[in-house]
Amino acid sequence: MNNQISLTNTTRRMKVFVLPHAEYCKALGRCACVELPGKKKRRVPSSLTIPAGAKADELSQAVLVVKRVAQAVRQGELTVGRPPRARRRKPARRAVEAPPVPADVGEPEAQEPKTGKRGKK
Ligand SMILES: [Zn+2]
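Nothing here was measured: the structure is a model prediction, and the numbers come from that model. (Residues numbered from 1 in each chain as written. Predicted model: local features only at pLDDT ≥ 70, side-chain atom pairs only at ≥ 80, totals over all residues.)

Chemist: How do you make sense of the overall build of the protein when you look at a structure like this?
Modeler: Counting secondary structure elements, the protein contains two helices and seven strands. The helix and strand sequence of the protein, counted from the amino end, reads β-β-α-β-β-β-β-α-β. Put simply, the protein has 121 residues, and 12% of those count as buried. Of all intrachain contacts in the protein linking residues separated by at least 6 positions in sequence, the fraction that spans at least 24 positions is 74%. (Helix = DSSP H or I, 4+ residues; strand = E, 2+ residues; numbered from the N terminus. Buried ≥ 20, exposed ≤ 12 C-beta atoms within 10 Å, placed from the backbone. Contact = placed C-beta atoms within 7 Å.)

Right, dumping it as structure tokens:
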């Protein structure tokens with residue numbers, strides 16, 4: 001999952017999400033847990049903190065797998081955004097300029113009423 005997303009905290013409270021190994025790391029494809037300093041190499045799940053009203057950018061889509069995050073999204077506490085730079089599958093080609101609208105090309109002028117007030121100045 002390389003697609004990056006952003007999450008915006010729409011609530012007035014700071015949100016802290018634990019990103020459990022079994023959910024987040026698995027979805028991510030690598031372990032993002034934090035290794036605690038010390039002799040025993042204990043690892044604790046990383047966490048995601050989003051202050052009230054703030055937006056967290058460059059998150060892996062894997063965060064959406066975390067149940068509590070998904071729940072918050074469903075409840076509208078978080079809104080998912082995709083950064084505008086995010087590329088789709090196709091490489092960014094030059095935007096094809098809008099083809100010229102074939103305006104009246106080949107349209108006979110026969111339908112134009114010959115009578116009438118033309119060239120009214
Ligand atoms: Zn992990």
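Chemist: What's the story with the environment of Glu77 in this structure? I'm lost.
Modeler: Secondary-structure assignment places Glu77 in the loop between α2 (67-74) and β7 (78-81). For Glu77, a count of 17 C-beta atoms within 10 Å corresponds to the partly exposed category. Distance from Glu77 to Thr8, taken between C-alpha atoms, is 8.2 Å for residues 69 residues apart in sequence. Apart from residues no more than four positions distant in its own chain, Glu77 is found in contact with Thr10, Thr11, Lys15 and Ala72.

Chemist: Can you walk me through the sheet that holds β7 in this structure?
Modeler: Strands belonging to one sheet form pairs held by backbone hydrogen bonds; the direction of such a pair is parallel or antiparallel. An order of β6-β1-β7 is seen for the three strands of this open sheet, with the pairing classed as antiparallel. Each edge of the open sheet is held by one strand with a lone partner, namely β6 (55-60) and β7. Each neighbouring strand pair of the sheet contributes to a mean axis angle of 30°, computed without reference to strand direction. Where strand β1 (residues 4-9) and β7 come together, four bridges link them in antiparallel fashion. By the bridge assignment for β7, Thr8 is matched with Thr79. (Pairing = 2+ DSSP bridges. Axes fitted to C-alpha atoms, helices over the stretch in contact; angles between N-to-C directions.)

Chemist: So what exactly am I meant to see when it comes to the nonpolar core here?
Modeler: The nonpolar side chains of soluble globular proteins are, as a tendency, buried together. Among the nonpolar cores identified, the biggest contains twelve residues, and these are Leu7, Phe17, Leu19, Tyr24, Ile50, Leu59, Ala62, Val63, Val66, Val69, Ala72 and Leu78. Contributions of two or more residues to this core are made by β2 (15-19) and α2. With residues near it in sequence (within four places) discarded, Ile50 still touches Leu7, Asn9, Lys15 and Ala56. (Core = buried A, V, L, I, M, F, W, Y, C linked by C-beta atoms within 7 Å.)

Chemist: Honestly, unusual backbone geometry in this entry has me stumped. Any pointers?
Modeler: For residues other than glycine, phi is negative in most cases, and the peptide bonds are mostly trans. Even without being glycine, Glu58 reaches a positive phi, approximately 55°. Locating Glu58 in the fold gives a position in strand β6. Judged by the 8 C-beta atoms lying within 10 Å of it, Glu58 is exposed.

Just distances and angles here, no functional claims.
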